[in-house]
Amino acid sequence: EAGVAQSPRYKIIEKRQSVAFWCNPISGHATLYWYQQILGQGPKLLIQFQNNGVVDDSQLPKDRFSAERLKGVDSTLKIQPAKLEDSAVYLCASSSVVIAGGPSYEQYFGPGTRLTVT
Amino acid sequence: QKEVEQNSGPLSVPEGAIASLNCTYSDRGSQSFFWYRQYSGKSPELIMSIYSNGDKEDGRFTAQLNKASQYVSLLIRDSQPSDSATYLCAVSSGWGKLQFGAGTQVVVTP
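Definitions and limits used
- Residues numbered from 1 in each chain as written.
- Chains lettered and ligands numbered in written order.
- Predicted model: local features only at pLDDT ≥ 70, side-chain atom pairs only at ≥ 80, totals over all residues.
- Heavy atoms only, no water.
- Helix = DSSP H or I, 4+ residues; strand = E, 2+ residues; numbered from the N terminus.
- Rg over C-alpha atoms; globule rule 2.2 N^0.38 Å.
- Buried < 20%, exposed > 50% of the residue type's maximum accessible area, 1.4 Å probe, protein only.
- Contact = heavy atoms within 4.5 Å.
- Pairing = 2+ DSSP bridges.
- Axes fitted to C-alpha atoms, helices over the stretch in contact; angles between N-to-C directions.

**Looking at the overall build of chain B**
If you tally the helices and strands in chain B, you get 0 helices and 11 strands. Traced from its N-terminal end to its C-terminal end, chain B shows the element sequence β-β-β-β-β-β-β-β-β-β-β. Computed over C-alpha atoms, the radius of gyration of chain B comes to 13 Å, within 12% of the 13 Å expected from 2.2 N^0.38 for 110 residues, which places it in the range of a compact globule. Along the three orthogonal principal directions, the C-alpha set of chain B runs to about 40 × 30 × 20 Å. In chain B, which comprises 110 residues, the proportion classed as buried is 45%. Taking the intrachain contacts of chain B between residues at least 6 apart in sequence as the baseline, contacts between residues at least 24 apart amount to 53%.

Here it is in structure tokens:
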């Protein structure tokens, strides 16, 4: 079974530029997550989709970050304009469908995209 | 703010010994608990999940959960140099969202 795919693996941009990341989840996984991991910290959830609907985007800086999952499979995360503090690894994860009030299913991570903003 | 706390380490463990990692969480409504292993420069890899009080064993790994004490732990038996990594504790209160600790770095010394 193929895992979560992400691209690009590395990206270097200047501040105020824009960047986009792509994610393809494990086949059959309805729930997709984008996390930001800053060096020395645990991943922080940015946005969670179930199929093509947003479940949680409470920690997404909406003035500069956007994400979409139009057909309920692939997803893109965009940053525009980028700031120095956006330098981090952006991780995509997927899991089986989640149910309100129920236990959370296991999440599997892709290889991540390492973003450096100069 | 819901929190997940871990000792940052490094936790130095002789090869063949048992590594014991601890994690506490603040949200009493938490239902699902996970341990991820993260090698330097790599993404987190799921190694254990636990949902009910007690112990869960998988190979050399044992996860322990005590919801009353809001405490979850991971034991690594017969530690190997390949176990040297950062171990992330993750907790969910439902709807899938994971709250991660900052991780404990484990160093297994030959």
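**Here's the deal with the pairing of strand E11 (residues 104-109) of chain B**
Residues and elements named next belong to chain B. Where burial is concerned, the two faces of E11 differ: the one with Thr104, Val106 and Val108 is buried and the one with Gln105, Val107 and Thr109 is not. Inspection of the sheet shows strand E2 (residues 11-14) paired to E11 by 4 bridges, in the parallel sense. Residue Leu11 lies in a different strand from E11, and its bridge partner there is Val106. Looking at chain direction, strand E9 (residues 85-92) and E11 are connected through 3 bridges and run antiparallel. Looking at the pairing, Tyr87 lines up with Thr104 of E11.

**Remarks on the sheet that holds strand E7 (residues 65-68) of chain A**
Residue and element names in this part refer to chain A. Taken together, the 4 strands give an open sheet; going across it, the order is E1-E3-E8-E7, and neighbouring strands pair in antiparallel fashion. Edge positions in the sheet fall to strand E1 (5-7) and E7, since each of these pairs with one other strand and no more. In this sheet, adjacent strand axes meet at a mean angle of 15 degrees when their direction is disregarded. Pairing analysis gives 3 bridges linking E1 to strand E3 (residues 19-24), with the strands arranged antiparallel. Pairing of Gln6 across the sheet is with Cys23, part of E3.

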